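# Notes for the structure review
One letter stands for each residue in the lines below.
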Amino acid sequence: MVKEKYDKLTSILREMEQVVVAFSGGVDSTFLLKAAVDTLGYENVLAVTADSETYPTTELEEAKELARLIGVEHQVVETSELAIPGYTDNDKNRCYFCKNSLFEHLIPIMEEKGFQNVVYGVIADDLSEYRPGMKAAKEKGVRGPLQEANLFKEEIRELSKERNLPTWDKPSFACLSSRIAYGEKITQEKLTKVEKSEAYLKSLGIRQVRVRTHNDIARIEVEPKDMGVVLNTHDQISKTLQSYGYKYITLDLMGYKSGSMNKVLS
């Protein structure tokens, strides 16, 4: 079944002939980039990464290294989500504004390159989640070959492992703005606070972590197996996150959940 889906993916890519890949360095976009290069050849693929306030420096450096590993031309463009009208209001359409702006940067690059398609790493799992960025992609004519091939996250991890991609078991990641509660204004100060807090928690050996921000409250999400690490170092964690600007530090007993902020939308 997975092989059939991969064959469908390569068929979709062959029809496109040349692609610009919106490349974040995550599990999905890395696999899509690798599949595109293997199918079309490196000369027919361009990886483009948007460097913005919501994208940690560590992720950018990893994206650069992954592009070198895959052997594809890689372009980094400077963007600013905080400058997008309506974005910092942080309503339920935040991701629409972000993706719309991203594609507005990528389409001129595609045209300058002489290519016909921009693709991004949306996957089959996303059909069951709230993803307003998909609306922006549809409006801009940007395609999601992984979703079109009906590939799910675990299948992408399996295929990535087979191709020796180091991202096969990389923890899921989303932009830093996704940590800030809907309706709470997004600022550079808050984004920096989240980035520093998550980097600190990762330094303790926790791989999958979110520091959800509710004004002065940090709601830490980790997988159940890592809750002991948080509890055993709670004093140190509390002091560190308070030094970053939080007043109250909490551990969410429900554990890490992708898109947990979306619960308020239902």
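All chains use their own residue numbering, which begins from 1 and follows the written sequence. Reporting of local features is limited, given that this is a predicted model, to residues whose pLDDT is at least 70; pairs of side-chain atoms are given and counted only at 80 or more, and all residues count toward the totals for whole chains, interfaces and linings. Only hydrogens and water are removed before side-chain values are computed, so all heavy atoms of the structure are retained for them.

Looking at an unreviewed UniProt entry, one finds the protein named NAD/GMP synthase domain-containing protein and attributed to Evansella vedderi.

Helix and strand labels come from DSSP, where a helix needs a run of H or I of at least four residues and a strand needs a run of E of at least two; each type is numbered from the N terminus. To estimate the expected span of a helix, count its residues, drop one, and scale the result by 1.5 Å. Taking 1.5 Å per residue, 14 residues should reach 20 Å; helix α3 (residues 57-70) reaches 20 Å between its end C-alpha atoms and fits that length. Inspection of α3 places Glu-59, Leu-60, Ala-63, Leu-66, Ala-67 and Ile-70 among the buried residues, and these make up the whole buried set. Here the buried residues of α3 occupy an arc of 125 degrees about the axis, which is enough to place them on one side. Turned more than 90 degrees away from the buried face of α3, the exposed residues are Thr-57, Thr-58, Arg-68 and Leu-69. Just downstream of α3 lies Gly-71, where phi reads positive at about 85 degrees. Each residue is placed in one exposure class: buried if its accessible area under a 1.4 Å probe, protein chains only, is under 20% of its type's maximum, exposed if it is over 50%, and partly exposed if it falls in between. This arc is built from the directions going out from the helix axis to the C-beta atoms.

Further remarks concern the nonpolar core. Nonpolar side chains in soluble globular proteins tend to end up buried together. Note on terminology: a nonpolar core comprises buried Ala, Val, Leu, Ile, Met, Phe, Trp, Tyr and Cys residues joined through side-chain atoms within 4.5 Å. Leu-9, Phe-31 and Val-45 are the most contacted members of the largest nonpolar core, which totals 34 residues. Elements that contribute at least two residues to this core include exactly α1 (2-16), β1 (19-22), α2 (27-40), β2 (45-51), α3 and α7 (153-162). For this core, the leading source of residues is α2, giving eight residues. Core analysis: the second largest hydrophobic core is formed by 21 residues, Leu-201, Val-209, Met-227 and Leu-241 among them.

Once that is clear, we can look at the state of the cysteines. The term disulfide is used for any two cysteine sulfur atoms that are within 2.5 Å. The full count for this structure, using the stated rule, is zero disulfides. Looking at Cys-95, it has no disulfide partner, and the nearest cysteine sulfur is the one in Cys-175, 5.8 Å off. The structure places no disulfide on Cys-175, whose sulfur is separated from the nearest cysteine sulfur, that of Cys-98, by 5.6 Å.

Before going further, it helps to examine the UniProt feature "domain: NAD/GMP synthase" (unreviewed entry) in the protein. Following the UniProt record, the feature "domain: NAD/GMP synthase" (unreviewed entry) maps to residues 15-80 here. Here residues 15-80 is 45% helix and 26% strand, with 33 Å between the C-alpha atoms at its ends. UniProt positions are given in the numbering used here, feature names are shortened, and annotations may be inferred rather than shown by experiment.

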